[in-house]
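Here is how the chains run, residue by residue.
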Amino acid sequence: MQILVITNVCDELVNPNLSNLLTAANKLGSKCDILILGTDSSVLESALHILPKFKIINKIILLEDNSVSPGVIFAENFSKSVAQIAKGYTHVLIAADSV
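Residues numbered from 1 in each chain as written. Predicted model: local features only at pLDDT ≥ 70, side-chain atom pairs only at ≥ 80, totals over all residues. Heavy atoms only, no water.

With that settled, the discussion passes to the overall build of the protein chain. Secondary structure summary: the protein chain contains three helices and five strands in total. Start at the N end of the protein chain and walk to the C end: the helices and strands fall as β-β-α-β-α-β-α-β. The buried share among the 99 residues of the protein chain stands at 40%. A separation of at least 24 residues holds for 76% of the contacts in the protein chain among residues at least 6 apart in sequence. When the accessible surface of the protein chain is summed, it comes to about 5700 Å², and 53% of that surface belongs to carbon and sulfur atoms. (Helix = DSSP H or I, 4+ residues; strand = E, 2+ residues; numbered from the N terminus. Buried < 20%, exposed > 50% of the residue type's maximum accessible area, 1.4 Å probe, protein only. Contact = heavy atoms within 4.5 Å. Areas by Shrake-Rupley, 256 points an atom, 1.4 Å probe, with all protein chains shown as cover.)

Here it is, written out as structure tokens:
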């Protein structure tokens, strides 16, 4: 089983629902990869310091889009890339309030 958890960075913070998603992934019984969507690489890099405390995380993937203002994320900007990345996973988890 391969699990992809998709989250975003907003207001320089990782989505607060990430811990809920990681709990759900853990209940599925497998480690997971995290896909972080963002618009500012410095913000994404700061998120990397928070995530290693979660032992369930196998790999962190950053997907950045500089075509919009920092902090503004539109699903349309990421949809094709996310679909391509998600092909290799059996389960994809995303919070309802995410992008």
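So that's the structure; there's more coming.
This next bit is on the confidence of the model for the protein chain. Mean pLDDT over the protein chain works out to 77, with 67% of the residues at or above the 70 mark. Within the protein chain, the element-level pLDDT minimum falls on helix 2 (residues 41-50), averaging 64, and the maximum on strand 5 (residues 91-94), averaging 92. (pLDDT = per-residue confidence, 0-100.)

Moving on: helix 1 (residues 18-28). Burial in helix 1 covers these residues: L18, L21, L22 and A25. Buried residues along helix 1 cover an arc of 100 degrees about the axis, so they all sit on one side. Pointing more than 90 degrees away from the buried face of helix 1 are the exposed residues N26 and K27. Just beyond helix 1, the residue with positive phi is G29, at close to 90 degrees. (Arc of directions from axis to C-beta.)

Ranked by size, the top nonpolar core spans 14 residues in total, and within it V5, L22, A25, C32 and I34 carry the most contacts. Contributions of two or more residues to this core are made by strand 1 (3-10), helix 1 and strand 3 (32-38). Sort the elements by how many residues they give to this core and helix 1 lands first, with four residues. For A25, the residues in contact, after removing those within four places along its chain, are I3, V5, S30, C32, I56 and L93. (Core = buried A, V, L, I, M, F, W, Y, C linked by side-chain atoms within 4.5 Å.)

Okay, the pairing of strand 3 next. The element strand 3 is largely enclosed, with a buried count of seven among its seven residues. What you see with strand 3 is no split at all: C32, I34, I36 and G38 on one side and D33, L35 and L37 on the other are buried throughout. For strand 3 and strand 4 (residues 57-64), the ladder comprises seven bridges, and the chain directions are parallel. Note on strand 4: the bridge partner recorded for C32 is I57. (Pairing = 2+ DSSP bridges.)

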